[in-house]
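# Overview (structure and organization)
If you want the building blocks of each chain, they are given just below.
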Amino acid sequence: MKKKTLVPLIVFLLGICLASLVVYKTDTHEKEQSRTTAQLNVTTYGERIKNEITNGIEITDVLKQLLISENGEINQFDTIAENIMSDSVESVQLAPAGIVTDIYPAEGNETGKIDLIHDKDRGEISIYARDHHTIVTQGPFELKQGGYGIAVRNPVYLKDENGQEYFWGFTIVILRVPDIFSDATSALSKFGYEYSLSKTDNPWSDHYKVVYQSDRQLTNPVSYDFTIGEENWKFEVTPENGWENNTLIAVISVFFIAITLLLAVLTRVWLVSKENKNKFQILAHTDSLTGIYNRYGFDELAEQMITKNPEAKFVAVLLDIDDFKFVNDIYGHVYGDNALKSLADSMKAFFPSGALLGRNGGDEFVILLKDYSYDDVKEKLQQFTMAPKTFSYKGKEHQFYISLGYAEYPTFASNRSQLMRCADAALYEIKLHGKNGCMAYKEGLELRVRKQLGFAFKDISENLPGAFIIYRADKEDDELFYANQEFLHMAGYKDMDELFRLTKKSFRNLIREDEQKKIEASIWEQIDNGNENDYIHFHLRRADESYLSVLDHGRIVESQQYGKVFYVLFMDWEDMNNHYSEKFSG
């Protein structure tokens with residue numbers, strides 16, 4: 001009875017604690033999200049309000065520049081003011097020596113012609129602007145025409161005959177409030193925010209005065225501060241319904257009893273999920289075929305090992321199966337997988353338990369040996385490379401071979417990725433020298449290998465003195481892979497993209513339609529009879545749908561990447577006939 005009472009009580013108390021924690025966390029998270037969103041909005045629209053006010057101030061800058069350029073004179077002031085007015089501007093004014101003499105529009109603004117310097121409400125801030133060479137804003141104040149406005153006064157200074165600067169007066173613009181920033185405040189209202197815009201009374205004061213605000217009082221608002229001239233502005237917003245998501249909190253609170261009852265189940269689900277997560281992490285780092293690390297798992301652990309042991313020596317090994325595609329093509333992918341598993345098993349058996357083993361993908365494997373140098377591994381890696389390796393096919397063992405390259409850290413590399421590149425360069429050096437071998441990286445090897453590989457492609461294919469293409473050697477799928485510039489020029493194609501598009505990447509579409517079956521049959525008859533595709537004469541379709549009489553001389557080749565392919569040279573029949581007519585006639 002005691003156990004039956006205590007366990008439900010504990011579950012109930014844990015449920016209440018969990019529900020309380022969830023409610024608290026949810027409420028905190030929702031508030032943070034609301035404040036983050038509100039901060040983005042107040043910053044965005046605060047910056048927009050600042051820009052709108054600044055745009056109004058720019059009107060005073062325009063007048064200021066005109067006055068400076070005309071040495072204090074502005075002709076046709078009304079015309080200029082009319083052109084620079086906007087919907088949010090109440091009036092534009094000039095105040096030489098601080099006395100307002102020109103106002104546009106004049107109608108309704110007659111009382112605005114005052115002496116700013118000596119005015120009791122405007123004098124102190126106007127004198128400050130004059131003496132401190134700074135723009136000032138004043139307001140909001142009620143306009144005679146209705147509504148409210150903010151006065152922007154921009155002091156203007158000229159130079160006399162002696163080059164001495166003197167105060168000319170003010171250029172002034174009266175901005176309508178809230179018209180000047182109505183777009184921003186309207187958008188915030190649609191988004192469900194209350195807002196308030198305020199500014200310091202004057203440049204020397206820290207007291208803020210509200211310029212414009214929505215109807216409701218703001219609670220714990222977020223704000224965006226900006227400065228215009230030497231006056232500080234503050235734009236604040238808060239959600240209309242407050243920062244709390246009361247509906248969500250109510251829903252969570254209502255269901256806390258259900259959470260309490262399900263707490264035991266959820267605990268078990270959590271434990272099972274944690275166990276599965278660990279399994280998934282292992283699977284995410286492990287190659288499912290071979291049981292060793294995959295590329296992601298190997299790279300992560302190798303990086304950790306090298307980072308934690310910067311003073312230690314490491315040897316990185318890259319190896320792959322020679323002509324692995326041949327294994328797949330001849331015996332099938334299932335037996336290709338058997339070869340990969342056999343290689344991984346031999347790695348596990350041969351290398352010490354502390355070695356980090358991985359499969360990069362395909363038939364490429366990688367090994368990292370800690371506290372080993374070139375001298376320590378040279379003989380071992382040679383032994384491993386030359387050790388017999390087999391896979392079983394229909395009860396019979398078939399041998400395969402590997403190529404292996406390795407590099408030492410920190411002798412030739414300062415980090416893991418550089419170490420792997422060096423090992424890769426050594427591996428490719430072996431490939432260039434006939435495969436089935438083992439080689440250590442040496443200084444400059446990577447650059448030399450790249451030069452050799454780059455030379456083979458660029459110099460041989462692009463600078464070959466003849467038209468040249470490569471396509472798949474398959475009776476059903478004769479996909480075009482490559483054409484050099486000489487061929488594109490001969491056939492009138494701008495580039496390979498146009499060639500692929502117009503031929504649909506098919507070799508037979510380069511042959512005149514009435515010759516296609518005959519030519520294809522001739523090519524494959526020669527191949528089936530043991531010949532390597534002797535010269536074939538046909539009409540080649542050009543890009544403009546015309547035809548060119550050509551000789552085709554091809555050879556079938558086994559490509560690691562694409563399987564059997566044709567390498568084909570083309571010669572212009574008429575050109576050959578013109579130059580070698582005697583041989584042709586014979």
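Reading guide: rules and limits
All residue numbers here refer to positions counted from 1 along the written sequence of the relevant chain. Restriction of local features to residues with pLDDT of at least 70 applies here, the model being predicted, together with a cutoff of 80 or more for giving and counting side-chain atom pairs; totals for whole chains, interfaces and linings are based on all residues. The basis for the side-chain values is all heavy atoms of the structure; hydrogens and waters are excluded. UniProt positions are given in the numbering used here, feature names are shortened, and annotations may be inferred rather than shown by experiment. Secondary structure elements follow DSSP: runs of H or I no shorter than four residues count as helices, runs of E no shorter than two count as strands, and numbering proceeds from the N terminus. Buried, partly exposed and exposed residues are distinguished by accessible area as a fraction of the type maximum, computed with a 1.4 Å probe on protein chains only: under 20%, between the cut-offs, and over 50%, respectively. Residues count as neighbours in contact if any of their non-hydrogen atoms are within 4.5 Å of one another. Using the Shrake-Rupley algorithm and a 1.4 Å probe, accessible areas are obtained, with residue cover drawn only from the displayed protein chains. By convention, a stacked pair of Phe, Tyr or Trp rings (six-membered ring in the case of Trp) has centres within 6.5 Å and planes under 30 degrees apart, an edge-to-face pair has planes over 60 apart, and any other such pair is tilted. Both a distance and an angle decide whether a charge sits over a ring: NZ of Lys or CZ of Arg must be within 6 Å of the ring centre and within 35 degrees of the ring normal. Here, strands pair whenever DSSP counts at least two bridges between them. An axis is simply a line fitted to the C-alpha atoms; with a helix, the fit covers only the stretch in contact. Between two such axes, the angle follows the N-to-C directions and lies from 0 to 180 degrees.

Looking at an unreviewed UniProt entry, one finds the protein named Diguanylate cyclase, with Dorea formicigenerans as its source organism. One UniProt comment on the protein, placed under Subcellular location (unreviewed entry), says "Membrane".

## Concerning the overall build of the protein
Of the regular secondary structure elements, the protein holds 17 helices and 22 strands. Counting only C-alpha atoms, the protein reaches 110 × 105 × 55 Å along its principal axes. Evaluated residue by residue, the protein yields a buried proportion of 41% over its 586 residues. Summarising the internal contacts of the protein: among those between residues at least 6 apart in sequence, 57% fall at separations of at least 24. Just so you have it, the protein exposes about 33100 Å², and 51% of that area is on carbon and sulfur atoms.

## Observations concerning the packing of aromatic side chains
Under the definition given, this model contains 25 aromatic pairs. An angle of 80° between the planes, with centres 4.6 Å apart, marks the rings of Tyr335 and Tyr393 as edge-to-face. Of the two residues, Tyr335 is situated in helix α9 (residues 333-350) and Tyr393 in strand β14 (residues 389-393); the sequence distance between them amounts to 58 residues. Plain terms: the ring middles of Phe351 and Phe384 are 5.0 Å apart, the flat faces sit at 55° to each other, and that makes the pair tilted. Of this pair, Phe351 sits in the loop between α9 and β12 (356-361) while Phe384 sits in helix α10 (residues 374-386), and the two are 33 residues apart along the sequence. No difference in accessibility class separates Phe351 from Phe384, as the two residues are buried. Within the aromatic cluster, the residues linked to one another by ring pairs are Tyr471, Phe487, Phe507, Trp524, Phe538, Phe566 and Phe570. Positioned over the ring face of Trp243 is Arg35, at 4.6 Å from the centre of the ring. It is Lys389 that lies over the ring of Phe384; its NZ or CZ is 4.6 Å from the centre.

## Let's talk about the sheet that holds strand β7 (residues 208-213)
As a general point, the strands of a sheet are linked pairwise by backbone hydrogen bonds and lie either parallel or antiparallel. With antiparallel pairing, the four strands of this open sheet are ordered in space as β7-β6-β9-β8. One side of each edge strand has no neighbouring strand; the edge strands of this open sheet are β7 and β8 (222-228). Strand after strand, the sheet turns through a mean of 25° between neighbouring axes, direction not considered. The pairing of strand β6 (residues 193-200) with strand β9 (residues 231-239) spans seven bridges and is classified as antiparallel. Within β9, the residue paired with Leu197 across the bridge is Phe235. Set on the sheet, helix α4 (residues 182-190) makes contact with β6 and β9; between it and β6 the angle comes to about 145°.

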